[in-house]
Amino acid sequence: MANDKTTAPQVDLSRLPRHVAIILDGNGRWAKKRGLPRTAGHAYGAEAFRRIGNYCKAIGIEYLTVYAFSTENWRRPPEEVRTIMSIFDKYMKEALSIMERDRFKMRFFGERSGLSPELQRLMAAAEEKSTHYDGCQMNLCINYGGRDEILHAVRRYAEAYKAGTAPELTEDVFSNYLYSAGIPDPDLIIRTSGEQRLSNFLPWQGAYSELYFTDVLWPDFTERDMDAALAEFQRRDRRFGGVK
Ligand code: IPE
Ligand code: IPE
Ligand code: MG
């Protein structure tokens, strides 16, 4: 692998994490640094997302989960929220049109009823069209909040319990009530832009994830930066509470 153009030499492709999750942060600061409106940062952020999605698929990451809009992001100015939503619309239309070529299996984590009917329709179409794809699964978190997800799961379990159809509650059973049902927990969670917090991202699923923080702003995040994160992951010693 030493001279491979796309992969930094230090990444061992036979020991990749199965599931990588990314908190793509720093779009606004990236734009500000350039004297651009924050909204321009989101457009460039979407480009970075296409690039990194393709890269993860190319090297063989099985699951890529990205945090694109949180349940708290509605607190932003309406103009910024509108722009982000229109970027999602545009991204989804494009993803649907090139789906046969790209073959990402798509899933969405988050409360959909808060989104526009058009976006909900595009999301459902993408999920349906890609159900049988295998290779790389992309989970887009839109209107996602970890606490909201847990409440959602508890409510659904309680309904099943009342109806007498709930299985005994175990960690595995509970996991199946989350948006991530059937998907292994993330091995690695990356956050860009220098912030060192999870901001309500995957609190249940990330219990044993390796965390990686980088100062790089999301629109600047390249394949090399991804390699740096993967290489660092491969240096970690995961013990899951046990001993070596
Ligand atoms: C991440 O970039 C994108 C979203 C949260 C939608 P930000 O918009 O949070 O960028 P900063 O953190 O303000 O720089
Ligand atoms: C987290 O980023 C949410 C997403 C990346 C979608 P924020 O920029 O919203 O998080 P805080 O406000 O800095 O914690
Ligand atoms: Mg931010």
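In what follows, the structure referred to is the one given above.
Here the structure is a predicted model, which means the values were calculated and not measured.

Trainee: Would you explain the overall build of the protein in this entry?
Mentor: Of the regular secondary structure elements, the protein holds 8 helices and 6 strands. Ordered by position from N to C terminus, the α and β elements of the protein give β-α-α-β-α-α-β-α-β-α-α-β-β-α. Since a compact globule built from 244 residues should have a radius of gyration of about 18 Å, the 18 Å found for the protein is in line with a globular shape. Seen along its three principal axes, the alpha-carbon backbone of the protein occupies a region of about 60 × 50 × 35 Å. The burial tally for the protein puts 48% of its 244 residues in the buried class. For the protein, long-range pairs separated by at least 24 residues make up 77% of all intrachain contacts whose partners lie at least 6 apart in sequence. Element-wise, carbon and sulfur atoms account for 52% of the exposed surface of the protein, whose accessible area totals about 12,700 Å². Positive and negative side-chain charges in the protein, numbering 35 and 34 respectively, have mean positions lying 3 Å apart.

Trainee: What is the right way to look at the pattern of salt bridges in this model?
Mentor: Counted under the stated rule, the structure contains 24 salt bridges. The partner of Arg29 in a salt bridge is Asp25, with the nearest N and O atoms 3.5 Å apart. Taking relative accessible area as the criterion, Arg29 reaches 34% and is therefore assigned partly exposed. Among the salt bridges present, the one from Glu118 reaches Arg121, with a minimum N-O distance of 3.2 Å. Of this pair, Glu118 and Arg121 are both found in helix α5 (residues 117-130), 3 residues apart, which corresponds to roughly one turn of the helix. A single salt-bridge network, built from bridges that share partners, covers Asp187, Glu210, Glu232, Arg235, Arg236 and Arg238.

Trainee: What exactly am I supposed to notice about α5 here?
Mentor: An α-helical segment advances 3.6 residues per turn. Residues three or four places apart therefore align on the same side. Along its 14 residues, α5 runs 20 Å from first to last C-alpha, staying within 8% of the 20 Å computed at 1.5 Å per residue. Buried within α5 we find Leu119, Leu122, Met123, Ala126 and Ser130. Mapping the buried residues of α5 onto a view down its axis gives an arc of 100°, with all of them on the same face. Those residues of α5 that are exposed and angled more than 90 degrees off the buried face are Pro117 and Glu128.

Trainee: What is the right way to read the site of ligand 1 from this model?
Mentor: Taken together, the neighbourhood of ligand 1 is formed by 13 residues, with Asp25, Gly28, Arg29, Arg38 and Arg76 sitting nearest. Contacts to ligand 1 include Arg29, whose backbone N or O atom sits 2.7 Å from an oxygen atom. Arg76 is positioned with one of its side-chain polar atoms (N or O) 2.7 Å from an oxygen atom of ligand 1. A total of 380 Å² of accessible area belongs to ligand 1 in isolation, and the protein chains cover 88% of it. When contributions to the shell around ligand 1 are tallied by element, the ones reaching two or more residues are α1 (27-33), α2 (38-59) and α3 (78-97).

Trainee: So what exactly am I meant to see when it comes to the site of ligand 2 here?
Mentor: Taken together, the neighbourhood of ligand 2 is formed by Ile23, Leu24, Asp25, Tyr67, Ala68, Phe69, Ser70, Asn73, Arg76, Arg191, Arg197 and Ser199. Ser199 places a polar side-chain atom, nitrogen or oxygen, 2.6 Å from an oxygen atom of ligand 2. The fraction of the free accessible surface of ligand 2 (390 Å²) that becomes covered by protein chains is 78%. Top contributing element to the shell around ligand 2 by residue count: strand β2 (residues 63-70), with 4 residues. Each residue belonging to the shell around ligand 2 can be placed in one class, and the counts come to 5 nonpolar, 3 polar and 4 charged.

Trainee: Sorry, what's going on with the nonpolar core here?
Mentor: One broad trend across soluble globular proteins is that nonpolar side chains are buried collectively. If you look at the biggest cluster of nonpolar residues, it comprises 47 residues, and the most contacted ones within it are Met106, Leu140 and Met226. With 8 residues, the top contributor of residues to this core is α3. Ignoring anything within four residues of it in the chain, the contact list for Met106 reads Tyr91, Met92, Ala95, Met99, Ala126, Glu127, Ser130, Met138 and Leu140.

Trainee: So what exactly am I meant to see when it comes to unusual backbone geometry here?
Mentor: For residues besides glycine, phi is generally negative; the peptide bonds are generally trans as well. For Ser199, which is not a glycine, the phi torsion comes out positive at approximately 45°. Residue placement: Ser199 occurs in the loop between β5 (188-191) and β6 (210-213). We classify Ser199 as partly exposed; its relative accessible area is 31%.

Trainee: Can you walk me through the environment of Glu128 in this structure?
Mentor: Summarising the element assignment, Glu128 is placed in helix α5. By relative accessible area, Glu128 is classed as exposed at 63%. Sequence separation between Glu128 and Arg107 is 21 residues; the distance between their C-alpha atoms is 9.3 Å.

Criteria and thresholds
- Residues numbered from 1 in each chain as written.
- Chains lettered and ligands numbered in written order.
- Predicted model: local features only at pLDDT ≥ 70, side-chain atom pairs only at ≥ 80, totals over all residues.
- Heavy atoms only, no water.
- Helix = DSSP H or I, 4+ residues; strand = E, 2+ residues; numbered from the N terminus.
- Rg over C-alpha atoms; globule rule 2.2 N^0.38 Å.
- Buried < 20%, exposed > 50% of the residue type's maximum accessible area, 1.4 Å probe, protein only.
- Contact = heavy atoms within 4.5 Å.
- Areas by Shrake-Rupley, 256 points an atom, 1.4 Å probe, with all protein chains shown as cover.
- Lys, Arg positive; Asp, Glu negative; His and termini not counted.
- Charge placed at Lys NZ, Arg CZ, Asp CG, Glu CD.
- Salt bridge = Lys/Arg side-chain N within 4 Å of Asp/Glu carboxyl O.
- Expected span 1.5 Å × (residues − 1).
- Arc of directions from axis to C-beta.
- Near = heavy atom within 4 Å.
- Polar contact = N/O pair within 3.5 Å; in protein donor to acceptor, adjacent residues only side chain to side chain.
- Nonpolar A, V, L, I, M, F, W, Y, C, P; charged D, E, K, R; others polar.
- Core = buried A, V, L, I, M, F, W, Y, C linked by side-chain atoms within 4.5 Å.

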